[in-house]
Amino acid sequence: MALGIRPRWPGPLRRLQGPRWKQSGTCAPAMAPLRRFALELPDCSLAHFALEDAEAAGAYQDSRLSALLGPPGRSFALCAPAVAGGGCVAQVRAARVHQQLQLQLRKGEPFQQCQLRRLLGYSPGDPAAGAQHGFLLRDPLAGPDTWRALLEVLVACPELARPHLGEFEADASGALWLRFWELHGGAQRQVSCARVVPVPEPPLHPVVPDLPSSVVFPDRDAARAVLEECIPFIPEAQAVLNLVDQCPKQVQKGEFPVIVIEGLDATGKTTVTRSISEALGAVLLQSPPPCIGQWRKIFDDEPNIIRRAFYSLGNYIVASEIAEESTRSPVIVDRYWHSTATYAIATEVSGGLQHLPPAHDPVYQWPQDLLRPDLVVLLTVRPEERVQRLQGRGLEKTREEAELEANSIFRQKVETSYRRMENPACHVVDASPSREEVLQTVVHLIQTTCH
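About the criteria used
Residues numbered from 1 in each chain as written. Predicted model: local features only at pLDDT ≥ 70, side-chain atom pairs only at ≥ 80, totals over all residues. Heavy atoms only, no water. Buried < 20%, exposed > 50% of the residue type's maximum accessible area, 1.4 Å probe, protein only. Helix = DSSP H or I, 4+ residues; strand = E, 2+ residues; numbered from the N terminus. Pairing = 2+ DSSP bridges. pLDDT = per-residue confidence, 0-100. Contact = heavy atoms within 4.5 Å. Core = buried A, V, L, I, M, F, W, Y, C linked by side-chain atoms within 4.5 Å. Axes fitted to C-alpha atoms, helices over the stretch in contact; angles between N-to-C directions. Phe/Tyr/Trp six-rings, centres within 6.5 Å; stacked < 30°, edge-to-face > 60°. Lys NZ or Arg CZ within 6 Å of the ring centre and 35° of its normal. Expected span 1.5 Å × (residues − 1). Salt bridge = Lys/Arg side-chain N within 4 Å of Asp/Glu carboxyl O. Polar contact = N/O pair within 3.5 Å; in protein donor to acceptor, adjacent residues only side chain to side chain. Parallel < 35°, antiparallel > 145°, perpendicular 65-115°, else oblique. Left-handed = near helix turned anticlockwise from the far one by under 90°.

## Points about the pairing of strand 9 (residues 258–263)
Where burial is concerned, most of strand 9 is hidden: six out of the six residues are buried. On strand 9, burial covers both faces: Val258, Val260 and Glu262 on one face and Ile259, Ile261 and Gly263 on the other are all buried. Here strand 9 pairs with strand 11 (residues 331–334) via four bridges, running parallel. The residue bridging Ile261 from the neighbouring strand is Asp334, located in strand 11. As paired strands, strand 9 and strand 12 (residues 375–380) are joined by five bridges and run parallel to one another.

Below, the structure written as structure tokens:
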């Protein structure tokens, strides 16, 4: 079958019923029976489905799936493949394939008319397998150009990094099926097909078990391993690692207090940190530190796992600076580990607030090998006021600032994650009043907390 030509089935689809598909040798399921998927819906809820999960068949109904996956229109599933070898190498490569796939699916005329939604593959029976990130592409017009463009996307990818392509179909009874395709010898070949069965939502979001190994690193070595894998394609990664290696692994805070000021952009962090440092005669530090800040734009354009490894290692460089400065005077830090973790969680966990890791989850705990501050202050303002402040600044927005402004769900997930942090927890301060009032509140909090 020539590449790029729409496949023709051996007879009308209405004649191909489920049992016959299951018995066909070419349609053996390509994934384990417990392989499941989580699809992010427009309202930020998640719809879960399995492929030929006999135990779940008929036990759970979800009409949303038929509306999103079935006719009219045509839907496709594309997932970044797992890379042989596993571990950090696999995660970095899969993340880069996923990002490149996202860029390709957002450009090109056939894709402009399509809807793109986050899709996760996971195995409840095998948590070690990790979540597989991908997309659902919904073409409401079911145009042939979309199929051809998808095949071109696959051709452009190296064979080992080629995304899995699935196509949803409905039979005469209305049941949904998912066909999997691959490119072989210059032609497209169907490798499997399986029935789509709605299943209940699991107790935890599928990516929660992966967070410590993917974006919320529990220690310095875990973050370092990620950047080591990036050296061949990001030369600046070696420069960052060189600076990290100059910092002692075990540092201790001096006798003076260390206060961290956290908060979303435009909540007054810069003003408060400067004012507090002047009032207390304290040294003012920031994370990421200036010594690696020059490379921030480079890492901000990378997938989440690489970006968060960069910011995590920046925290360890700042910790070394804190250890030295706190022997001579109080230290004020503009953002630290809480900021790195909250943005990582909000970005990685699809769906709404209800899908965040529950309170007291280990992901909210401070890393054991990172110098701990005496106090963390979280500045908050009303969303409307924060937007007005952003507009008044007239500065170019970062990707995260733009996301915070445009996506209220993302903002709420960041704020909720901040409030769930533990050991140390955040002390919330309303930054809406005047500068003098906010400064007075923070100084009083420092005086009563840090002796």
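## A look at the confidence of the model for the protein chain
For the protein chain, per-residue confidence averages 84 on the pLDDT scale, and residues scoring 70 or more make up 84% of the total. Averaged pLDDT values over the elements of the protein chain bottom out at 35 in helix 1 (residues 18–23) and peak at 98 in helix 8 (residues 236–245). Ignoring residues within four places in sequence, the model shows residues 1–34, a span with pLDDT below 50, making 69 contacts including any to other chains.

## Here we look at the nonpolar core
Among the nonpolar cores identified, the biggest contains 40 residues, and Val216, Ile322, Val333, Tyr336 and Ile345 are the most heavily contacted of them. Those elements that provide at least two residues to this core are strand 4 (115–122), strand 9, helix 12 (304–325), strand 11, helix 13 (337–348), strand 12 and helix 16 (408–420). It is helix 13 that contributes the most residues to this core, six residues altogether. Ala223, Leu241, Trp295 and Ala309 belong to the second-largest nonpolar core, a separate cluster that totals 23 residues.

## A few points about the pairing of strand 7 (residues 176–184)
Counting buried residues along strand 7, seven of its nine residues qualify, which places the element largely inside the surrounding structure. Note that strand 6 (residues 164–170) and strand 7 share six bridges and pair antiparallel. Directly across from Phe168, in strand 7, lies its bridge partner Leu178. Hairpin connection between strand 6 and strand 7: a loop of five residues separates the two successive antiparallel strands, and Gly174 in this loop has a positive phi of roughly 95 degrees. Strand direction decides the pairing type here: strand 7 and strand 8 (residues 187–198), joined by eight bridges, are antiparallel. The residue bridging Phe180 from the neighbouring strand is Ser192, located in strand 8.

## Things to note about the sheet that holds strand 1 (residues 36–40)
Read once around its circumference, the closed barrel built from eight strands follows the order 1-2-8-7-6-3-5-4, with strand pairing classed as antiparallel. Each strand axis lies, on average, 30 degrees off the axis of its neighbour in the sheet, ignoring direction. The strands touched by helix 3 (residues 87–105) are strand 3 (74–79), strand 4 and strand 5 (132–139); relative to strand 5, the strand with the most contacts, the crossing angle is about 10 degrees.

## Some points on the sheet that holds strand 11
As summarised here, the arrangement of the five strands in space is 10-11-9-12-13, forming an open sheet in which the pairing is parallel. Two strands in the sheet have a free side with no partner beyond their single neighbour: strand 10 (283–286) and strand 13 (427–430). Taking each pair of neighbouring strands and ignoring which way they run, the sheet shows an average axis angle of 25 degrees. Of the strands in this sheet, strand 9, strand 12 and strand 13 are in contact with helix 16, which crosses strand 12 at around 155 degrees.

## Describing the packing of aromatic side chains
For the structure on display, the rule yields nine aromatic pairs. Linked through ring pairs, Phe37, Phe49 and Phe168 together constitute an aromatic cluster. When the ring centre of Phe233 is taken as origin, the NZ or CZ atom of Arg96, which lies over that ring, is 3.6 Å away.

## Remarks on the side chain of Gln104
As for its placement among the helices and strands, Gln104 is situated in helix 3. Residues contacting Gln104, with those up to four places away along its chain left out, are Phe111, Val153, Ala156 and Cys157.

## A closer look at helix 12
Quick reminder: α-helices carry 3.6 residues per turn. Residues three or four places apart thus point the same way. For helix 12, which comprises 22 residues, the first-to-last C-alpha distance of 31 Å matches the rise-based estimate of 32 Å (1.5 Å per residue) to within 8%. By the criterion of burial, helix 12 is predominantly enclosed, with 19 of the 22 residues buried.

## Observations concerning the environment of Leu41
Structurally, the position occupied by Leu41 is in the loop between strand 1 and strand 2 (46–51). For Leu41 and Arg118, which are 77 residues apart along the polypeptide, the C-alpha to C-alpha distance reads 8.4 Å. If we ignore the near neighbours within four places in the chain, the residues touching Leu41 are Ala47, Arg64 and Leu68.

## Notes on the pattern of salt bridges
Pairing between side chains of opposite charge can happen when their charged atoms approach one another. Considering all chains together, one arrives at 13 salt bridges under this definition. One network of salt bridges, in which partners are shared, links Arg74, Glu167 and Glu169.

## Observations concerning the side chain of Ser45
Looking at the element boundaries, Ser45 is found in the loop between strand 1 and strand 2. Overall, Ser45 belongs to the buried group, its relative accessible area being 13%. Here the side chain of Ser45 touches Arg64 through a polar contact of 3.1 Å, side chain to side chain. If near-sequence neighbours (up to four positions away) are discounted, Ser45 is found in contact with Leu39, Glu40, Arg64, Gln354 and His355.

## Comments concerning the packing of helix 7 (residues 220–230) against helix 12
Viewed as axis vectors pointing N to C, helix 7 and helix 12 meet at an angle of 130 degrees, and their least axial separation amounts to 9 Å. Regarding the angle of helix 7 to helix 12, the classification is oblique. The two elements helix 7 and helix 12 cross, and the hand of that crossing is left-handed. For the pair helix 7 and helix 12, the contacting residues are Arg220, Ala223, Arg224, Val226, Leu227 and Cys230 in the first and Ile305, Ile306, Ala309, Phe310, Ser312, Leu313 and Tyr316 in the second.

## Remarks on unusual backbone geometry
Along the chain, Pro71 connects to Pro72 via a cis peptide bond; the corresponding omega equals 0 degrees. With respect to the element layout, Pro72 can be found in the loop between helix 2 (63–69) and strand 3. At the junction of Ser287 and Pro288, the peptide bond is cis and its omega measures out at 5 degrees in the coordinates. Here Pro288 lies in the loop between strand 10 and helix 10 (290–293).

## Quick notes on the packing of helix 3 against helix 7
Following both chains from N to C, one finds helix 3 and helix 7 inclined at 60 degrees, their axes separated by 9 Å at the closest point. With respect to each other, helix 3 and helix 7 are oriented oblique. Considering how the two elements wind past one another, helix 3 and helix 7 form a crossing that is right-handed. Side by side, helix 3 and helix 7 meet where Cys88, Val89 and Val92 of the first sit next to Ala225, Val226, Glu229 and Cys230 of the second.

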